[in-house]
Every structure is written in structure tokens, then in C-alpha cells.
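Secondary and tertiary structure notes
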Amino acid sequence: MAAKLISTGFRHTTLPENYVRPISDRPRLSEVSQLEDFPLIDLSSTDRSFLIQQIHQACARFGFFQVINHGVNKQIIDEMVSVAREFFSMSMEEKMKLYSDDPTKTTRLSTSFNVKKEEVNNWRDYLRLHCYPIHKYVNEWPSNPPSFKEIVSKYSREVR
């Protein structure tokens, strides 16, 4: 099972075959233009209808946007990033307690989108956590690192 994860600590010198996409599935970067007006949404605006219009336009035109002045405390963000790094730096044995190929699980460590069905995987590992309502899911979350549940709960409340 651990071989399916990228965060095994093993240093790859070549790209494993199961991560190589056929040329027909790869982006054609020569056809991509430079982005000159990156959609930036400033949530400090008090004009709600203008914000909704900006978000709609960004989603319709680009499919994404960046949010600034969202009000989430920087210290809480930093703690969340730190505990996530700590989780992915743990031993493979500890991380594998949460590994699952089942895409319906509400808490699971996995890689790619659906390892059972895909022929080519995405180069990532992720920890999927349902966070709302917190009391319904927090007991499924990892107990290691020891501060994980507390920090993720605090972050989830702040973001919500």
C-alpha cells in the first residue's frame, strides 16, 4: 500500500510510469497565453452584489480566483500549514493508518483521485477531511500529530 503514496520518503530519480500521461492528455503550453488580469477578489468590500458579480465573472472566465482580505487570522493559517507539514512528515507506518482507496470515506489519506480506476495517477498525496459539522467528524481525524485535531478544528471554525 505504501508504494501508492508519493510521501514515502523515497527519492525518485525517474518519474514512475503510472504518473506519465499520454501526450494527448498533457497541456499544450505553447497554446496558453499569459494571464494579465488575474482575478483577485477583495472580501473587505462592503458591496455584496459587486463581490458576487466579481466571483461569477472570475469563475465563468477563468474557473478560479484568489481571495484577499478574507479575515482568517494569519497565525491560524500558519498553524494549519505547520500541522499539515508535520502530518506528511510522519512515518509511513503512522500515515498508512488513514490510507484508503475508497473515495466515499470522509477521512482518508490517498493519492490521485480514484486509484482503483485510474491508469495514470496524479503526482500528489492528500489527506481528505470532512470538517462540517466538526463534532460529527473530528473523532475520525488523525490523533497524530497530537495537536492536529485542535488546530484543524480551530482553522475550520475560522474559515467557516
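The rules behind each value
- Residues numbered from 1 in each chain as written.
- Predicted model: local features only at pLDDT ≥ 70, side-chain atom pairs only at ≥ 80, totals over all residues.
- Heavy atoms only, no water.
- Helix = DSSP H or I, 4+ residues; strand = E, 2+ residues; numbered from the N terminus.
- Rg over C-alpha atoms; globule rule 2.2 N^0.38 Å.
- Buried < 20%, exposed > 50% of the residue type's maximum accessible area, 1.4 Å probe, protein only.
- Contact = heavy atoms within 4.5 Å.
- Areas by Shrake-Rupley, 256 points an atom, 1.4 Å probe, with all protein chains shown as cover.
- Pairing = 2+ DSSP bridges.
- Patch = residues over 30% accessible without salt bridge, like charges linked within 9 Å, V, L, I, M, F, W, Y side chains within 5 Å.
- Salt bridge = Lys/Arg side-chain N within 4 Å of Asp/Glu carboxyl O.
- Lys, Arg positive; Asp, Glu negative; His and termini not counted.
- Polar contact = N/O pair within 3.5 Å; in protein donor to acceptor, adjacent residues only side chain to side chain.
- Phe/Tyr/Trp six-rings, centres within 6.5 Å; stacked < 30°, edge-to-face > 60°.

Topic: the overall build of the protein chain
Check the secondary structure of the protein chain and you find 5 helices and 4 strands. In terms of C-alpha radius of gyration, the protein chain reaches 19 Å, well past the compact-globule figure of 15 Å for 160 residues. Taken across its 160 residues, the protein chain has 30% of its residues classed as buried. Pairs at least 24 apart in sequence give 54% of the contacts found in the protein chain among residues at least 6 apart. Per element, the accessible surface of the protein chain, about 11,400 Å² overall, is 52% carbon and sulfur.

Observations regarding the pairing of strand 3 (residues 107–111)
Most of strand 3 is tucked away, with 5 of its 5 residues classed as buried. Residue alternation in strand 3 divides its side chains into two sets, Thr107, Leu109 and Thr111 and Arg108 and Ser110, and both sets are buried. As paired strands, strand 3 and strand 4 (residues 125–129) are joined by 5 bridges and run antiparallel to one another. Bridge pairing in strand 4 links Leu109 to Leu127.

Concerning a nonpolar patch on the surface
Residues Leu35, Phe38, Leu40 and Phe64 make up a contiguous nonpolar surface patch of roughly 360 Å² in combined accessible area. With respect to the helices and strands, Phe64 occurs in the loop between helix 1 (48–61) and strand 2 (66–68). Given a relative accessible area of 38%, Phe64 falls into the partly exposed group.

Digging into the side chain of Arg108
Mapped onto the elements, Arg108 comes out in strand 3. The buried charged residue Arg108 lacks any salt bridge, with Asp101 as its nearest oppositely charged partner at 5.7 Å. In this structure the side chain of Arg108 is engaged in a polar contact, spanning 3.3 Å, whose partner is the backbone oxygen of Asp102.

Quick notes on the side chain of Thr111
When you line up the elements, Thr111 lands in strand 3. Looking at Thr111, its side chain comes within polar contact range of the side chain of Asp125, at 3.2 Å.

What to know about the packing of aromatic side chains
Scanning all chains against the criterion turns up 4 aromatic pairs. Residues Phe87 and Phe148 carry aromatic rings whose centres are separated by 6.1 Å and whose planes lie at 50° to one another, so their mutual orientation is tilted. With Phe87 in helix 2 (residues 74–88) and Phe148 in helix 5 (residues 148–159), this residue pair connects regions lying 61 residues apart in the sequence. In this structure Phe87 comes out as buried when scored by relative accessible area, which is 1%. Under the relative-accessibility criterion, Phe148 is labelled buried at 3%. One aromatic cluster is present, formed by Phe38, Phe62 and Phe64 through successive ring pairs.

Digging into the pattern of salt bridges
Taken as a whole and judged by the stated rule, the model has 5 salt bridges. The residue Arg61 makes a salt bridge to Asp37 at a minimum N-O spacing of 2.6 Å. With Arg61 in helix 1 and Asp37 in the segment before strand 1 (40–42), the pair connects residues that are 24 residues apart, well separated along the chain. Judged by its relative accessible area of 58%, Arg61 falls in the exposed class.

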